[in-house]
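Architecture at a glance
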Protein chains: 2
Amino acid sequence: MTASINDVARAAGVSASTVSRALRGRAGVSDEVRDRIASVAAQLGYTASRSASSLASGRTFTIGVVVPYVGRWFFGTVLDAAEQVFSAAGYDVLLYNLGTPETRKRFFAKLPVRKRVDAVLSLLIPDEGESAALRSLGVPLASTVGGARPGFTVVGIDDRAGAESAVRHLVNLGHRRIGTISGSSGPLHWTTPIERRRAYLDVLAEAGIEHDPALEADGDYTLEGGERAMTELLAASRPPTAVFAQSDEMAMGALRALRRHRLKVPDDVSVVGFDDHELADVIGLTTVAQPVAGQGAEAARLLLRQLDEPDAEHPGHVQMPIHLVLRETTAPPRPRGPQ
Amino acid sequence: MTASINDVARAAGVSASTVSRALRGRAGVSDEVRDRIASVAAQLGYTASRSASSLASGRTFTIGVVVPYVGRWFFGTVLDAAEQVFSAAGYDVLLYNLGTPETRKRFFAKLPVRKRVDAVLSLLIPDEGESAALRSLGVPLASTVGGARPGFTVVGIDDRAGAESAVRHLVNLGHRRIGTISGSSGPLHWTTPIERRRAYLDVLAEAGIEHDPALEADGDYTLEGGERAMTELLAASRPPTAVFAQSDEMAMGALRALRRHRLKVPDDVSVVGFDDHELADVIGLTTVAQPVAGQGAEAARLLLRQLDEPDAEHPGHVQMPIHLVLRETTAPPRPRGPQ
DNA sequence: AATATGAACGCAAACGCTTGCGCAACAGCG
DNA sequence: CGCTGTTGCGCAAGCGTTTGCGTTCATATT
């Protein structure tokens, strides 16, 4: 069918080993022979079979990337950036999309990446068992979400500081009834929602505002969840004048709910998000910006470095910068009548 | 390191061939032995090496998916849906993100998928040479974009009809100066922008409206491009009262531009998009809805069917339904003074 | 009872590479 | 001129599966 290494060897009048060495830039081949082999290979349209070469060498030149939802902006963007780094370095990307609990379970049970990848980049936070499963692969691991984890290189942001700046912004504007839409649900062992919520509580306490449980709702990190959560908050006996949504997509859901309730943003309710979604600017959403693509690229680079220098010292946790972006969904609370 | 088929064979007291047959459900193994092998394999945590098995069998159980930009909503969503179908069927997905001309060129020059995949799903429109390269792989091909192409199973929508319904909607509202933001740029041999533009021209003609070239601008299928294009249109001597943006992301860019110009939507300008982006609903964008995830899933299914029954008859082109979704960015034109 | 039939399993040859080792040939050295 | 190194290349043994074919043994057939 397609040309094999022996076809090339025969056509070039050398042995298969020389072809192998020549094409991969290994030493021990004269320039003349190397050129000849290269041209013959090109002419025959020869590409080494990845299966055969990885079987023989143990290297797969493939990176496994596991993602909760490729379709969501955050993950898509991280993946995009990471893929570019990997493919530029000659690695292929094997994608595992683990949206549902079943697919996730099946993935970690069968571990289809075993013997198939040189490293794994996880865009989801594995629980203890899942972490152990990944570690059992014996390859470098990285993650772009959550906090530091043994065996993983994780590049992330300071969730606490980011959330603090968001809530503090609302406090500084004069808000006292500040709600939050969190994303804590699901079986994810995710430090992110914990950190962000903690920051919310801390800033409130620091400002001397009493915490009202009726002002917290779960938005499941989705648009629809954000909408539901906002609706819940509005149903409180004393609804909030400002809301910190712990992701932009939930913030957008909140905006939708507010629109349905004929409430004006920011006049009636202020909203601040988290992520700086690509569309946050379009809708004028005030939010905490994090370098999403940057984290994907950085994680990919760190992984590659580990593959290149397995014995060197490698950072276990790097933090990327964040900053608050002021747009048009936050303003001082509407002056009230007799308070 | 990790267990091989011989370890399992030894532990189960059978030959490697029997293990192979047993684990893959092939005939010729008694139930008793099959069970024993299964339990031994589970105990040893054995997974067959994909490299070895595909080298021996010629099957890779891997699908190559090539995407222009994973980060963009449309492609991310298609990919998500397709991946689910593939992984449910036991196939892995090898992702190629071909955002830049260089990566794209390199991909088609080296064809890293050669001997690595059983089929290819392309979310970009290959030109003639690229199509030929893909066909040379000798595996089933599918695509979710553009029109019918020889050698490909393509699942798409009726772009012409969709665009017509969008423009006709604007006409019916009473608009006469209708602009369009197209996405024709780039070296993509893409029928989509051609079809959508054609529809735009046809409907104008059908309504007896003279075509004004100043009301066409290129938005490059991006948010920023849409914004630029809208700004251009507004600079026309007689700016449009309505705009048909040929994708939702460009429509969102247009909305941003309009906001910057302090123009009200839909009071001053109506906007209709195309795609029904997940956030279209949030911002109330009137648009032509197409089943994005549906197309990805359908294409994946068709590809799998071709792998299962290579000799059967397979459809070359399937069309999915579309419909106009009315929201809040379109309205009759503001009554003018002496016209 | 002899033979054909089929099921269950093992043998061994691929599959297409990589790589340690060996062997020339040649250069540099004293 | 012999000796040690170096360079360029081929040999052959893997890497871990799959699969065609052969063998054995129990069962069915005449």
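Residues numbered from 1 in each chain as written. Chains lettered and ligands numbered in written order. Predicted model: local features only at pLDDT ≥ 70, side-chain atom pairs only at ≥ 80, totals over all residues. Heavy atoms only, no water.

**Section: the sheet that holds strand β5 (residues 152–157) of chain A**
Strands sit in the order β11(A)-β5(A)-β4(A)-β3(A)-β1(A)-β2(A)-β2(B)-β1(B)-β3(B)-β4(B)-β5(B)-β11(B) across an open sheet of 12 strands; the sheet is mixed. The outermost strands of the open sheet, each flanked by one partner alone, are β11 (317–320) of chain A together with β11 (317–320) of chain B. Neighbour-to-neighbour, the strand axes of the sheet open up by a mean angle of 20 degrees, direction not taken into account. Summarising the sheet, strand β4 (residues 141–143) of chain A and β5(A) pair through three bridges and their orientation is parallel. For Ser143(A), the partnering residue across the bridge sits in β5(A) and is Val154(A). (Pairing = 2+ DSSP bridges. Helix = DSSP H or I, 4+ residues; strand = E, 2+ residues; numbered from the N terminus. Axes fitted to C-alpha atoms, helices over the stretch in contact; angles between N-to-C directions.)

**Comments concerning the protein's contact with DNA strand D**
Every one of the 27 residues lining DNA strand D counts as a neighbour, but Thr18(A), Ser30(A), Val33(A), Ile5(B) and Ser20(B) are closest to it. Near-protein atoms of DNA strand D (within 4 Å) split between backbone and bases, with sugar and phosphate holding 63%. Ser30(A) is positioned such that a nitrogen or oxygen atom in its backbone is 2.6 Å from a phosphate oxygen of DNA strand D. Between Arg21(B) and DNA strand D, the recorded distance is 3.5 Å, taken from a side-chain N or O atom to a base oxygen. Counting only elements with at least two residues in the surface near DNA strand D, the list comes to α2 (16–23) and α4 (50–57) of chain A together with α2 (16–23) and α4 (50–57) of chain B. (Near = heavy atom within 4 Å. Polar contact = N/O pair within 3.5 Å; in protein donor to acceptor, adjacent residues only side chain to side chain.)

**Observations concerning the environment of Pro193(B)**
Residue and element names in this part refer to chain B. Its location among the elements puts Pro193 in helix α9 (residues 191–206). Distance from Pro193 to Arg160, taken between C-alpha atoms, is 9.6 Å for residues 33 residues apart in sequence. When residues no more than four places from it in sequence are discounted, the contact partners of Pro193 are Gly183, Ser184, Tyr221 and Gln246. (Contact = heavy atoms within 4.5 Å.)

**Re the relation of the copies chain A and chain B**
When chain A is fitted onto chain B, the two copies agree to an RMSD of 0.1 Å after a turn of 180 degrees and an axial shift of 0.0 Å. What we have between these two chains is a two-fold relation. Same-surface contact between copies: 100% of interface residues of chain A are shared with the interface of chain B. (Least-squares fit on C-alpha atoms with pLDDT ≥ 70 in both.)

**Here's the deal with the protein's contact with DNA strand C**
Near DNA strand C there are 27 residues, and of these Ile5(A), Ser20(A), Thr18(B), Ser30(B) and Val33(B) occur at the shortest range. Of what DNA strand C places within 4 Å of the protein, 65% of the atoms are sugar or phosphate. In this structure, a base nitrogen belonging to DNA strand C sits 2.8 Å away from a side-chain N or O atom of Ser17(B). Backbone polar atom of Ala56(B) to a base oxygen of DNA strand C: 3.4 Å apart, as the coordinates give it. Counting residues per element, the ones that place at least two in the surface near DNA strand C are α2 and α4 of chain A together with α2 and α4 of chain B. Here the surface near DNA strand C takes five residues from α4(A), the largest share from any one element. Looking at the surface near DNA strand C residue by residue, the class counts come to 11 nonpolar, 12 polar and four charged. (Nonpolar A, V, L, I, M, F, W, Y, C, P; charged D, E, K, R; others polar.)

**Some thoughts on the interface of chain A and chain B**
Counting from both sides, the interface comprises 49 residues of chain A and, opposite them, 49 residues of chain B. When the buried surface of chain A facing chain B is broken down by residue, Lys115(A), Arg116(A) and Val282(A) rank first, second and third, together holding 14% of it. At the surface where chain A touches chain B, the tally comes to eight salt bridges. Of the charged contacts in the structure, one is a salt bridge between Arg256(A) and Asp281(B), with a shortest N-O distance of 2.2 Å. One can count 31 residue pairs in polar contact (both at pLDDT 80 or more) joining chain A with chain B. In terms of residues, the side of chain A that touches chain B owes the most to one element, helix α5 (residues 73–88) of chain A, which gives eight residues. Among the residues forming the side of chain A that touches chain B, the class breakdown is 18 nonpolar, 15 polar and 16 charged. Strand direction decides the pairing type here: strand β2 (residues 92–97) of chain A and strand β2 (residues 92–97) of chain B, joined by three bridges, are antiparallel. Its bridge partner lying in β2(B), Leu94(A) is registered against Leu94(B). (Buried area = accessible area lost by both parts, 1.4 Å probe. Salt bridge = Lys/Arg side-chain N within 4 Å of Asp/Glu carboxyl O.)

**Here we look at the nonpolar core**
Phe86(A) and Phe86(B) are the most contacted members of the largest nonpolar core, which totals 154 residues. With near-sequence residues (within four places) excluded, Phe86(A) lies in contact with Ile63(A), Val65(A), Tyr91(A), Val93(A), Leu121(A), Ala300(A), Leu303(A) and Leu304(A). (Core = buried A, V, L, I, M, F, W, Y, C linked by side-chain atoms within 4.5 Å. Buried < 20%, exposed > 50% of the residue type's maximum accessible area, 1.4 Å probe, protein only.)

**Focus on the packing of aromatic side chains**
Applying the stated criterion across every chain, the model contains eight aromatic pairs over all chains. Ring geometry for Phe74(A) against Phe75(A): centres 5.2 Å apart, planes inclined by 85 degrees, an arrangement best described as edge-to-face. In terms of burial, Phe74(A) and Phe75(A) fall into one category: buried. Note on Phe61(B) and Tyr91(B): the rings are 5.2 Å apart at their centroids and 45 degrees apart in plane angle, and the pair reads as tilted. Taken together, the positions of Phe61(B) in the loop between α4 and β1 (62–67) and Tyr91(B) in the loop between α5 (73–88) and β2 put the pair 30 residues apart, joining distant regions of the chain. Phe61(B) sits in the partly exposed class, given a relative accessible area of 33%. (Phe/Tyr/Trp six-rings, centres within 6.5 Å; stacked < 30°, edge-to-face > 60°.)

**Focus: helix α10 (residues 223–234) of chain A**
All names here are of chain A. Compared with the 16 Å implied by 1.5 Å per residue over 12 residues, the 17 Å span of α10 between its first and last C-alpha is a close match. Among the residues of α10, Leu223, Gly225, Gly226, Glu227, Ala229, Met230, Leu233 and Leu234 are the ones counted as buried. Lining the buried residues of α10 we find β6 (178–182), β7 (216–218), β8 (242–245) and α11 (248–260). For α10, the N-terminal capping position is held by Thr222, with its side-chain oxygen 2.9 Å away from the main-chain nitrogen of Gly225. (Expected span 1.5 Å × (residues − 1).)

Taken by themselves, the reported measurements are silent on function.
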